[in-house]
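Okay, here's what each chain looks like letter by letter:
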Amino acid sequence: MVILVHIMLMIGTLGTGKTMLAQRLPTILPPLTAAESLETTRIYSAMGRLEPNQPLLSTRPFRPPHHTISDAGMVGGGSTPSPGEISLAHNGVLFLDELPEFNRKSLEVLRQPLEEGRVTISRALNSTTFPANFVLVASMNPCPCGYLGDARHACKCNPPQIERYMSRISGPLLDRIDLHIEVPAVPFQELSAAADGTSSAVMRAQVHRARQAQRARFGADNHRLNNRLTTRQLRKYCALDAEGRTLLQTAMDELGLSARAHDRILRVARTIADLEGAAHLQPAHVMEAIGYRSLDRKLWAR
Ligand SMILES: [Zn+2]
């Protein structure tokens, strides 16, 4: 359940239920606190998006903007700035289906909000700041036709087409994504009953514990979750023993990982340790976190 505090990209062939999995995420996150409910309700209220008999939002929002969305629609804008999708997703989930179809620029504008948990829209005379603290979940097919690696359908793409498709999300964007999850081509019913039989209630309890550990670490600054640990904080909270250091160094060398990917692995390992209630990072946490960088391996292998 490390996914719920990090940026996740799901890769799977057509029909693997990536969207349905993403839609379930808000129900696994801890319930909205009163303060979070008020913050998110205020945004919906300002935009006239509340149902007539709905005084407060009681569930975490799930926003799946289409890939044709404008920058203003995504982050907010207009002559009198109004909030965009990322603020409607505040305290909830922003889902970008078919990530490679999104225009690079509309992904670039997510950078500041992802780092700060808010977005500032500057105008000549003043600037407006909206809250935008969301979990980013994206999905993509393994190739343009969607069937690469699917035993039941033949892929119609040639290697240059696949390369072009993958290159749309490579580099800096990919570096910013913590987790690459390959969604297997199995029926959704099988997937939704988690592999180890973990129920939603158990997952929610684990996520709650991980978030509590993070709050204790960062004090009142609740927006500072593990996915935003600074380099200095990484050294403080993600210290590795000799075995862990060797493991990570070997992975870096063999997979050709960037310095950014190195830091991502540490942040994810920290969350895995939090989910287990472990105070110190152990080699097993690092190992699991390395496993979530599958796309780095694929891109590098090409
Ligand atoms: Zn294909």
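Residues numbered from 1 in each chain as written. Predicted model: local features only at pLDDT ≥ 70, side-chain atom pairs only at ≥ 80, totals over all residues. Heavy atoms only, no water.

## Quick look at the overall build of the chain
- Looking only at helices and strands, one finds 15 helices and nine strands in the chain.
- For the chain, with 302 residues in total, the buried portion stands at 48%.
- Put simply, 73% of the contacts in the chain that link residues at least 6 apart link residues at least 24 apart.
- Working note: accessible area of the chain is about 14700 Å², and carbon and sulfur atoms make up 54% of it. (Helix = DSSP H or I, 4+ residues; strand = E, 2+ residues; numbered from the N terminus. Buried < 20%, exposed > 50% of the residue type's maximum accessible area, 1.4 Å probe, protein only. Contact = heavy atoms within 4.5 Å. Areas by Shrake-Rupley, 256 points an atom, 1.4 Å probe, with all protein chains shown as cover.)

## Observations regarding the pattern of salt bridges
- Tallying each qualifying case throughout the model produces six salt bridges.
- In this structure, Arg152 and Asp150 form a salt bridge, with 3.4 Å as the shortest nitrogen-oxygen distance.
- Residue class for Arg152 comes out exposed when judged on its relative accessible area of 57%.
- Look at Asp150 and you get buried, because its relative accessible area is 7%.
- Salt-bridge contacts for Asp274 lead to Arg270; the nearest nitrogen and oxygen are separated by 2.9 Å. One end of the pair, Asp274, and the other, Arg270, are both in helix H13 (residues 259-276), four residues apart, so they sit about a helical turn from each other. Pair check on accessibility: Asp274 and Arg270 agree, each one buried. (Salt bridge = Lys/Arg side-chain N within 4 Å of Asp/Glu carboxyl O.)

## Some remarks on the coordination of the zinc ion
- Taken together, Cys143 (SG), Cys145 (SG), Cys155 (SG) and Cys157 (SG) make up the full set of protein donors to the zinc ion, lying 2.2 to 2.5 Å away.
- Metal-centred angles of 104 to 113 degrees between the four donor atoms at the zinc ion mark the site as tetrahedral.
- Summarised as a motif, the one-chain spacing of the donors to the zinc ion is C-x1-C-x9-C-x1-C.
- Given the relative accessible area of 18%, Cys145 is considered buried. (Donors = N, O, S within 2.8 Å, 3.2 Å for Na, K, Ca; no water. Tetrahedral: all angles 85-135°; square planar, octahedral: opposite > 155°, others 65-115°.)

## A few points about the confidence of the model for the chain
- Per-residue pLDDT for the chain has a mean of 82; in total, 86% of the residues score no lower than 70.
- Predicted confidence is poor over residues 187-196, with pLDDT under 50, and the contacts of this stretch with residues over four places away or in other chains come to ten contacts. (pLDDT = per-residue confidence, 0-100.)

## With respect to the sheet that holds strand E1 (residues 8-11)
- With respect to topology, five strands assemble into an open sheet ordered E2-E5-E8-E1-E9, the strand pairing being parallel. The open sheet is flanked by strand E2 (62-63) and strand E9 (179-182), the only strands paired with a single partner.
- Pairing of E1 with E9 involves four bridges; the strand directions are parallel. By the bridge assignment for E9, Leu9 is matched with His180. (Pairing = 2+ DSSP bridges.)

## What to know about unusual backbone geometry
- Its identity is not glycine, yet Asn91 carries a phi of approximately 70 degrees, on the positive side.
- Residue placement: Asn91 occurs in the loop between helix H4 (85-88) and strand E5 (93-96).
- Residue Asn91 is classed as buried on the basis of its relative accessible area, which comes to 8%.

## Remarks on the packing of helix H12 (residues 242-255) against helix H14 (residues 283-291)
- Running from amino to carboxyl end, H12 crosses H14 at an angle of 20 degrees, the nearest separation of the two axes being 8 Å. Relative to H14, the element H12 is oriented roughly parallel. Here H12 runs over H14; the crossing is right-handed. Contact with H12, carried on its side by Glu243, Gly244, Leu247, Leu248, Ala251 and Leu255, involves Pro283, Val286, Met287 and Ile290 of H14 and no other residues of that element.
- Of the residues contributing to the contact of H12 with H14, the split by class is eight nonpolar, one polar and one charged. (Axes fitted to C-alpha atoms, helices over the stretch in contact; angles between N-to-C directions. Parallel < 35°, antiparallel > 145°, perpendicular 65-115°, else oblique. Left-handed = near helix turned anticlockwise from the far one by under 90°. Nonpolar A, V, L, I, M, F, W, Y, C, P; charged D, E, K, R; others polar.)

## Considering the environment of Glu182
- Residue position: Glu182 is located in strand E9.
- Residue classification places Glu182 among the partly exposed residues on the basis of a relative accessible area of 43%.
- Between the alpha carbons of Glu182 and Pro142 there is a distance of 9.3 Å; along the sequence they are 40 residues apart.

## Examining the pairing of strand E7 (residues 127-131)
- With five bridges connecting them, strand E6 (residues 118-122) and E7 associate as antiparallel partners. Bridge assignment links Arg118 to a residue of E7, and that residue is Pro131.
- A loop of four residues connects E6 with E7, the two strands running antiparallel in sequence.

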